[in-house]
Amino acid sequence: MSPDHGSETTQSSLTGLGEPVLAQSVPAGHGGFLNEQGLEFPHPHRNFFQRWPWLWFILPALIGFSVFFVYPTLRAFYLSLWDWPGYGPVRGFVGLDNFVDVVQSDQFRKAALNSTKLFIVIFVLQNTVSLGLAIMLNRRSRMTHVYRVVIFLPQIMSAIATGLIWNLMFDPIIGVINPFLKAQGFDNFAQLWQADPDWAMKVVYLVQFWQWNGMAVVLYLAGLQNVPEDLRHAALLDGANRWRVFRDVTFPMLAPAFTIVTALSFILIFRAFDLIYVLGGPSGQPDGATLVLGVQIYTDAFGESSFSTQTRMSFAIAEGVTLFVFLAGVSWLLIKGLGRREEAMH
Amino acid sequence: MASISTEQFQGKQASKTRKRLLRIGGAILWHGTMLLVCGFVLIPIIMVVLGSFKTVQEFFSNPYGLPKAWDFFNYTKAWDQANIQTTMRNSIFITATGVLISTTLACLASYGLARFNFPGRIPLRLIFIGGLVVPVQLIILPIFIMFREWGLLGSLWSLVILYSVFGIPLGVLVLTGFFGVLPKDLEDAARIDGASHFQIFWRIMLPLTRPAIAAVMILNGVWMWNDFFLGFILIRDKAQMTLPLGIMNFRGTYITEWGLIFASVTISVIPVIVAYLLLSKQFIAGLTAGSVKG
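All right, on to the overall build of chain B then. If you tally the helices and strands in chain B, you get 15 helices and zero strands. Radius of gyration (C-alpha) of chain B: 27 Å, far over the 19 Å computed for a compact globule of 294 residues. Counting the 294 residues in chain B, one finds 53% classified as buried. On chain B, roughly 14,100 Å² of surface is accessible, and the fraction owed to carbon and sulfur atoms is 67%. Mean positive and mean negative side-chain charge positions of chain B (23 and 12 charges, respectively) differ by 10 Å.

Before going further, it helps to spend a moment on unusual backbone geometry. Cis geometry is found at the peptide bond from Q285 of chain A to P286 of chain A, where omega equals -5°. Tracing the backbone shows P286 of chain A in the loop between α13 (274-280) and α14 (293-302). Of note, D287 of chain A is a non-glycine position whose phi angle comes to about 55°, a positive value. Within the fold, D287 of chain A resides in the loop between α13 and α14. Backbone geometry places N83 of chain B, a non-glycine residue, at a positive phi of 65°. By secondary structure assignment, the location of N83 of chain B is in the loop between α3 (73-81) and α4 (84-115). By relative accessible area, which is 21% here, N83 of chain B ends up partly exposed.

Okay, the packing of helix α9 (residues 184-192) of chain B against helix α10 (residues 197-208) of chain B next. All names here are of chain B. Packing of α9 against α10 brings their axes to within 10 Å, and their N-to-C directions diverge by 140°. One way to sum up the angle between α9 and α10 is to call them oblique. Pair α9 / α10 crosses with right-handed handedness. Residues L186, E187, A190 and R191 of α9 form the contact with α10, whose own contacting residues are H197, I200, I204, M205 and L208. Here the contact of α9 with α10 is built from residues that sort into six nonpolar, one polar and two charged.

In this section: helix α8 (residues 168-180) of chain B. Residues and elements named next belong to chain B. An ideal rise of 1.5 Å per residue puts 18 Å on 13 residues; α8 measures up with 17 Å between its terminal C-alpha atoms. In terms of burial, α8 is largely enclosed, as 11 of its 13 residues are buried. All of the buried residues in α8 are I168, P169, L170, G171, V172, L173, V174, L175, T176, G177 and F179.

Glancing now at the nonpolar core. Proteins that are soluble and globular tend to have nonpolar side chains buried together. Counting residues in each nonpolar core, the largest one holds 189 residues, and the members touching the most others are I156 and M313 of chain A together with I140, L141, F166, L230 and L234 of chain B. Among the elements that make up this core, the one with the highest residue count is helix α9 (residues 197-225) of chain A (16 residues). Not counting chain neighbours up to four residues away, the residues in contact with F166 of chain B comprise F68 and F69 of chain A together with V136, I139, I143, W223 and L230 of chain B.

As a further point, take the interface of chain A and chain B. Counting residues at the interface gives 90 residues for chain A and 90 residues for chain B. For the pair chain A and chain B, the two sides together bury roughly 8,400 Å², of which 82% comes from carbon and sulfur. Three residues, F57, F68 and I156 of chain A, lead the burial of chain A against chain B; their summed loss comes to 10% of the area buried on that side. Joining chain A to chain B, the criterion identifies one salt bridge. Residue R75 of chain A pairs with E149 of chain B through a salt bridge whose shortest N-O separation is 2.9 Å.

So, about the confidence of the model for chain B. All names here are of chain B. On average, residues of chain B score 88 in pLDDT, and 95% of them reach the 70 mark or higher. When the elements of chain B are averaged for pLDDT, helix α15 (residues 280-292) gives the smallest value, 72, and α4 the largest, 95. Overall fold confidence for the complex sits at a pTM of 0.85, while the interface term, ipTM, reaches 0.88.

A separate point is a nonpolar patch on the surface. Together, I270, V274, L278 and L279 of chain B give the surface a local cluster of nonpolar side chains, amounting to about 370 Å² of exposed area. As for its placement among the helices and strands, L278 of chain B is situated in helix α14 (residues 258-278).

Two side chains carrying opposite charge are able to pair once their charged atoms lie near each other. According to the stated counting rule, one finds eight salt bridges over all chains in the structure shown. A network of salt bridges, in which partner residues are shared, links R115, K184, E187, D188 and R191 of chain B.

Turning next to the packing of aromatic side chains. Per the stated rule, a full pass over the model turns up 58 aromatic pairs over all chains. With a centroid separation of 5.4 Å and an interplanar angle of 70°, the aromatic rings of F57 of chain A and F201 of chain B are classed as edge-to-face. Residue F57 of chain A is found in helix α3 (residues 53-79), and its partner F201 of chain B is found in helix α10; the two belong to separate chains. For F201 of chain B, a relative accessible area of 3% translates into the label buried. Taken together, the ring pairs in this structure connect F273, Y277, Y298 and F302 of chain A together with F144, F228, F229 and F232 of chain B into an aromatic cluster.

What follows covers the environment of G286 of chain B. All names here are of chain B. Checked against the element boundaries, G286 lands in helix α15. On the basis of relative accessibility, which here comes to 2%, the residue G286 falls in the buried class. Distance from G286 to A214, taken between C-alpha atoms, is 7.6 Å for residues 72 residues apart in sequence. When sequence neighbours within four positions are dropped, the list of residues in contact with G286 reads A215 and L219.

On the surface, K12, K16, R20 and R23 of chain B cluster together into a patch of positive charge. Note that K12 of chain B resides in helix α1 (residues 6-51).

Glancing now at helix α11 (residues 210-226) of chain B. Between its terminal C-alpha atoms α11 of chain B stretches 24 Å, which fits the 24 Å expected from 17 residues at 1.5 Å a residue. Residues of α11 of chain B that are buried: A212, I213, A215, V216, I218, N220, G221, V222, M224, W225 and N226 of chain B.

Low pLDDT means the predicted atomic positions in that stretch should not be read closely. Residues and elements named next belong to chain A. The pLDDT averaged across chain A works out to 81; a share of 81% of its residues lies at or above 70. Mean pLDDT values for the elements of chain A range from 37 in helix α1 (residues 9-14) up to 94 in helix α5 (residues 106-137). In the predicted structure, residues 1-33 sits below a pLDDT of 50 and forms 49 contacts with residues beyond four places in sequence or in another chain.

Turning our eyes to something else, we now look at the side chain of Q296 of chain A. Residue and element names in this part refer to chain A. Relative to the helices and strands, Q296 is located in helix α14. Classification of Q296 by relative accessible area gives buried; the value is 4%. Setting aside chain neighbours within four positions, we find Q296 in contact with Q107, A111, L291 and E319.

About the thresholds
- Residues numbered from 1 in each chain as written.
- Chains lettered and ligands numbered in written order.
- Predicted model: local features only at pLDDT ≥ 70, side-chain atom pairs only at ≥ 80, totals over all residues.
- Heavy atoms only, no water.
- Helix = DSSP H or I, 4+ residues; strand = E, 2+ residues; numbered from the N terminus.
- Rg over C-alpha atoms; globule rule 2.2 N^0.38 Å.
- Buried < 20%, exposed > 50% of the residue type's maximum accessible area, 1.4 Å probe, protein only.
- Areas by Shrake-Rupley, 256 points an atom, 1.4 Å probe, with all protein chains shown as cover.
- Lys, Arg positive; Asp, Glu negative; His and termini not counted.
- Charge placed at Lys NZ, Arg CZ, Asp CG, Glu CD.
- Axes fitted to C-alpha atoms, helices over the stretch in contact; angles between N-to-C directions.
- Parallel < 35°, antiparallel > 145°, perpendicular 65-115°, else oblique.
- Left-handed = near helix turned anticlockwise from the far one by under 90°.
- Contact = heavy atoms within 4.5 Å.
- Nonpolar A, V, L, I, M, F, W, Y, C, P; charged D, E, K, R; others polar.
- Expected span 1.5 Å × (residues − 1).
- Core = buried A, V, L, I, M, F, W, Y, C linked by side-chain atoms within 4.5 Å.
- Buried area = accessible area lost by both parts, 1.4 Å probe.
- Salt bridge = Lys/Arg side-chain N within 4 Å of Asp/Glu carboxyl O.
- pLDDT = per-residue confidence, 0-100.
- Patch = residues over 30% accessible without salt bridge, like charges linked within 9 Å, V, L, I, M, F, W, Y side chains within 5 Å.
- Phe/Tyr/Trp six-rings, centres within 6.5 Å; stacked < 30°, edge-to-face > 60°.

Structure follows, in structure tokens:
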């Protein structure tokens, strides 16, 4: 193996080691050279990047990500320890007082409760309605593709469009649902849907499910299509009925899809903002009934309107940090716990 | 060989008819359920499209029927008055640049993380992917403060920067999976032929992961086109607003101009729906790739 290679012709002739054998075969700018095993050797005279070629690939993303993601996240943790309304001078170091306030805040608890309820409702619907639809769609028919495309459609629409679409449906004055109910003679069923604290959150459940049903159906359908047909046929031949086959063969194979659907909707729901802001505004109208964590953090940081001076930036940041720690922790447990169950099954 | 008696034969015929009836009944039930679900999905969308052709009076006199005339007056008004011409241009700009930059960064980083063995690559990948669980509501607050200090607040570029960076976690999640499973032999063969690391990446590995890259571009592109929150925090100037911002801003000012609002909504969803109908397979595959690979 020659110690010379690459473009270092001048250097090698200077050191008197003779003509480099590899000079023509290894182009300039190559990070190192190969030995007989095909492993790469870093050359001691090469610069930083040539010694670590992976750095070239990672560096652009790493710089952007550090400046606009890691640094702000760290700064958020730092800022959460101070008392600061968001403008003007900092009022002082308060340690963990902001977090004590967050935990004791009625608004935060209310928002956390609403977010949790929203997650539970969507979780139940996804594992009954969406799963059922996926099972129904898991068969070959000329229309299957069409139905699937339609069911997935709301997923690609903006939350703003979705919110406004459903505002039209439920609007008591111009809306579609109330006049329709009245025309059919069901006057008693007409409600002030979004103005009634009992109904407003139910409207949010419905709209949220309308938008995210498609995602769950498609993911469960992909999971079902991974179940080998042979396995189901074998079980049927062995005399198992359809329900047993579903329970003992198909359902366990759906575990990865279940993990993904659950983790994804968990993260998406606890940081949801756009849709619920369109439906309930900055204070979760009516009367805080539709207040969720994403909206609560925004409102604490910036106030209910652009004229508001009641901003509590450091408090809002503490709320955000609390939410982040909660999301990271639960996602970790979900993926670990459910992943282990999947492994145990195989 | 046993011969079949008449009784058995008739029994078989009867069970055949029963089976056929069951199958037809099942098909009716199946299509019925599916049509019901499709109605649930499509009726609200249809109502908005119908609404975009109505005058304010028609919303009262005819809340859920067809409009009197298929006149585009709301659309022409929305184009000028609701500022759609500007917000549409801004949305196209931030989505195109955001997708381009974030995909480039994510491809390079994923390749580095998946194909090279160096200390710290597993924690590094975890940090990138961990970006997916950071709530936007949290990270936007320090960024708002930073951009205010740097004088970036309110410009379209602040959005371009954020979308370019915030698109990385998903890209790394999907693409490291795809780059990781490509055979090592390909790389070795190219290396022996004298290709540099970048040439191997650009000429050999990148073309092989094209479907995954398309999936990442679609997922991030739809998010950037639809996103409201980031712009809502960072942008105040009407001339810099994106489509969702423009619609919400217009709705705040002209709360009863329903026809105009719904025309704006229709205009804003048309590009995504057209792209979706043309590429529905890639859209749906993109979502599955994004999650199953994780």
